[in-house]
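Take a look at the letters that make up each chain.
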Amino acid sequence: MSQENNRQEKKISKGLCVSHLTCERGYRELFNDLSFELLPGEILHIKGENGAGKTSLLRILAGLALPVMGDISFDGYDCRKYRSEYNEQIAFMGHKLGIKLELTAVENIRSYCELNTPRTEQQILDALEKVGLYGFEEMYCNQLSAGQKRRVALAQTMLSDTRLWILDEPFTSLDVIGVKFFLQMIQQHVNDGGMILLTTHQEVNLENCRTKYLQLPSGKLID
Amino acid sequence: MFNAFLSLLKRDLRLAFRHKSEILNPLFFFVIVVTLFPLGISPEKQTLAEIGPGIIWVAALLASMLSLDSLFRSDFDDGTLELMLLSEYPLSVMVLAKIIVHWLITGFPIIIFSPLLGTVMFLSPDAIVTLMITLLLGTPILSLIGAIGMALVVALKRGGMLLSLLVLPLYIPVLIFSANAVGSSMAGLSISGQLYFLAAFMIFCLTLAPIATAAALRVSLE
């Protein structure tokens, strides 16, 4: 039993491992031979100028795009081979928020949860309250502002029972309070043993969180 | 998995009923196209009864094809398609839910309205029943095949023409066997062969099209 636990612990400690990743867009090479590791309780902040390949890297890591070369493994398992198991572990928030404008905030989150981790109505309402959308639950998303729509997407991510959050420019359209709340959420997730991969032009300084920086396109990793 | 399937089915039906044009436009298109033929060709009973089955089926086929854009386009635009791809449940199951909704909002209303249009085209009562049966077996095939084509062009900005080129040739067997079944019914001939073919083709598409569509979606989004 203890051996089994040790083995389990060993697997969990592996986190996300990326090796020799190369990506091209058209005939242009975005990055080459990129390798890094992301362990539980860590944040990887991907930096780079516009067009450096930050979004492409996140899409590859989420399994939405294919690299030219390279391997991605999670807990020691090949992500492409064990796609369904990997999908259980990740939450992705891209430029497109993944919310339906013709549905209310509650309906959107309910629908998201039913496709991923089922949640009770109360949990959904609590999440909306936490992201500052109390009183907007039954409002159609096409009546919400850009920042409020992002908060709905944020609530979705918050309710996903996943270990790795892949966030592409998550602070876009958010006001100061929204950014502050999101940073708290990230901190909480990391402190709980989660992992965060994010791109943002904003500085992310969180206490008690191990943040690594990856510069694109060079692939230089700064601890 | 079944809960995820049901959830997507309910969500898409809710969206369709909030966007009533998604249900009404294909239906209006179908009715208008069929009623234009008597005006353009001849209002004669014999002529209309002869060409009626083909006209109704071509109109149903075009109405179904024109509404294919609603299958994945909005999901692609708002990012929900990406979230579907990242769900832990099989994409083909979710695709099947979306195809069923597409059939419910385009194929099913066409079946309901077909007796009226059959009467306009002077089809016999037996032929109208046959027409309904062929539509019941054939319109799901249109949605299933159309979904594969739509999945292939969803990421293209002007994929409409390409979609027609991809999908219309595959619709031809359905059109031939269905129109022929209604014509045979009018002539008092056996229609079992055509119906067996349509049923077999529907089961074939039902089995394979969701898997092919899921694969096509993954390729398109990459």
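Residues numbered from 1 in each chain as written. Chains lettered and ligands numbered in written order. Predicted model: local features only at pLDDT ≥ 70, side-chain atom pairs only at ≥ 80, totals over all residues.

**Student:** Where do I start with the overall build of chain A in this structure?
**Tutor:** Scanning chain A from N- to C-terminus turns up seven helices and 10 strands. The C-alpha extent of chain A, read off along each of the three principal axes, is 50 × 50 × 35 Å. Here chain A holds 223 residues, and 40% of them are scored as buried. Residue pairs at least 24 apart in sequence account for 70% of intrachain contacts in chain A once pairs closer than 6 positions are excluded. (Helix = DSSP H or I, 4+ residues; strand = E, 2+ residues; numbered from the N terminus. Buried ≥ 20, exposed ≤ 12 C-beta atoms within 10 Å, placed from the backbone. Contact = placed C-beta atoms within 7 Å.)

**Student:** Help me out: how do you make sense of the sheet that holds strand E10 (residues 220–222) of chain A in this one?
**Tutor:** Residue and element names in this part refer to chain A. Pairing is mixed in the open sheet, where six strands are placed in the order E6-E7-E8-E3-E9-E10. Here the strands that pair on one side only, and so sit at the sheet edges, are strand E6 (90–93) and E10. Put simply, the sheet's adjacent strands are angled 15° from each other on average, direction ignored. Lying on the sheet, helix H7 (residues 176–191) is in contact with strand E3 (42–47), strand E7 (164–168) and strand E8 (195–199); it crosses E8 at an angle near 145°. (Pairing = 2+ DSSP bridges. Axes fitted to C-alpha atoms, helices over the stretch in contact; angles between N-to-C directions.)

**Student:** Is there a simple way to explain the sheet that holds strand E1 (residues 16–25) of chain A in this structure?
**Tutor:** Strands belonging to one sheet form pairs held by backbone hydrogen bonds; the direction of such a pair is parallel or antiparallel. Residue and element names in this part refer to chain A. Across the sheet, four strands lie side by side as E2-E1-E4-E5; this open sheet has antiparallel pairing. If you trace the sheet from one side to the other, it starts and ends with strand E2 (28–38) and strand E5 (77–78), each paired once. Strand direction decides the pairing type here: strand E4 (residues 69–74) and E5, joined by two bridges, are antiparallel. When the sheet's bridge partners are listed, Phe74 is paired in E5 with Tyr77. Sheet contacts for helix H2 (residues 54–62): E1, E2 and E4; angle to E1, the most-contacted strand, approximately 125°.

**Student:** What exactly am I supposed to notice about helix H6 (residues 91–120) of chain B here?
**Tutor:** The α-helix advances 3.6 residues per turn, and as a result positions three or four apart in sequence lie on the same side. Residues and elements named next belong to chain B. Taking 1.5 Å of rise per residue, 30 residues should cover 44 Å, and H6 covers 42 Å from first to last C-alpha, within 8% of that figure. Of all the bends in H6, the largest measures some 45° and sits at Ser114, one to four residues before the proline Pro115. Where H6 terminates, the next one or two residues include Phe122, which has phi positive at roughly 60°. (Expected span 1.5 Å × (residues − 1). Bend = angle between axes of the 7 residues up to and from the residue.)

**Student:** Explain the confidence of the model for chain A here, please?
**Tutor:** Detailed reading of the predicted coordinates is not advisable wherever pLDDT falls low. Looking at chain A as a whole, its pLDDT mean stands at 84, while 94% of the residues score no less than 70. Contacts from residues 5–12 of chain A, a stretch scored under 50 in pLDDT, to residues over four places away or in other chains number four contacts. (pLDDT = per-residue confidence, 0-100.)

**Student:** What is the right way to look at helix H5 (residues 121–130) of chain A in this model?
**Tutor:** Residue and element names in this part refer to chain A. Among the residues of H5, Ile124, Ala127 and Leu128 are the ones counted as buried. End-on, the buried residues of H5 take up no more than an arc of 100°, which puts them together on one face. In this structure, the buried side of H5 is in contact with helix H4 (105–115) and helix H6 (146–159). Positioned one or two residues after H5, Gly132 has a phi angle of 85°, which is positive. (Arc of directions from axis to C-beta.)

**Student:** How should I be thinking about the environment of Phe30 of chain B in this particular structure?
**Tutor:** Topologically, Phe30 of chain B is positioned in helix H2 (residues 21–40). Through-space distance from the C-alpha of Phe30 of chain B to that of Met65 of chain B is 11 Å; in sequence the pair is 35 residues apart.

**Student:** Honestly, the pairing of strand E9 (residues 210–215) of chain A in this entry has me stumped. Any pointers?
**Tutor:** Residues in a regular strand point their side chains to alternate faces of the sheet. All names here are of chain A. The sheet contact formed by E3 and E9 spans six bridges and is parallel. Following the sheet pairing, Lys47 is matched in E9 by Gln215. For E9 and E10, the ladder comprises three bridges, and the chain directions are antiparallel. Bridge pairing in E10 places Gln215 opposite Lys220. Here E9 folds back onto E10, and the loop between the two strands holds four residues, one of which, Gly219, carries a positive phi near 80°.

**Student:** Whenever I open this one, the interface of chain B and chain A confuses me. Can you help?
**Tutor:** Note: interface size is frequently given as the accessible area lost on complex formation between the parts. Contacts between the two partners involve 21 residues from chain B and, on the opposite side, 23 residues from chain A. Residue assignment for the side of chain B that touches chain A shows that the elements contributing at least two residues are helix H1 (2–18) and helix H5 (80–85) of chain B. The biggest single contributor to the side of chain B that touches chain A is H1 of chain B, with seven residues.

**Student:** Can you help me understand unusual backbone geometry in this one?
**Tutor:** What you tend to see is this: most non-glycine residues have negative phi, and most peptide bonds are trans. Residues and elements named next belong to chain A. Cis geometry marks the peptide bond from Leu216 to Pro217; its omega dihedral reads 5°. With respect to the helices and strands, Pro217 occurs in the loop between E9 and E10. If you check the backbone angles, Glu169 has positive phi at about 50° while not being a glycine. With respect to the helices and strands, the residue Glu169 is situated in the loop between E7 and H7. By the C-beta count within 10 Å, which is 18 here, Glu169 ends up partly exposed. The backbone phi angle of Ser173 is positive, close to 70°, even though this residue is not glycine. Within the element layout of this structure, Ser173 appears in the loop between E7 and H7. Exposure remark for Ser173: the 15 C-beta atoms within 10 Å place this residue in the partly exposed category.

**Student:** Would you take a moment to explain the pairing of E4 of chain A for this structure?
**Tutor:** Residues and elements named next belong to chain A. For E1 and E4, the ladder comprises five bridges, and the chain directions are antiparallel. Following the sheet pairing, Leu16 is matched in E4 by Phe74. In textbook terms, the turn of a hairpin is the stretch between consecutive antiparallel strands, and for E4 and E5 this stretch comprises two residues, one of which, Asp75, has a positive phi near 55°.

**Student:** Teacher, can you tell me more about the packing of H5 of chain A against H6 of chain A here?
**Tutor:** How two helices pack is summed up by the angle between their axes together with the distance between the axes. Residue and element names in this part refer to chain A. Contact pair H5 / H6: the axes reach a minimum separation of 9 Å and the direction vectors enclose 130°. The pairing of H5 with H6 is recorded here as oblique in orientation. As for how H5 packs across H6, the hand of that crossing is right-handed. Between H5, through Gln123, Ile124, Ala127 and Leu128, and H6, the contact on the second element is made entirely by Ala155, Met158 and Leu159. Classifying every residue of the contact of H5 with H6 gives six nonpolar, one polar and no charged. (Parallel < 35°, antiparallel > 145°, perpendicular 65-115°, else oblique. Left-handed = near helix turned anticlockwise from the far one by under 90°. Nonpolar A, V, L, I, M, F, W, Y, C, P; charged D, E, K, R; others polar.)

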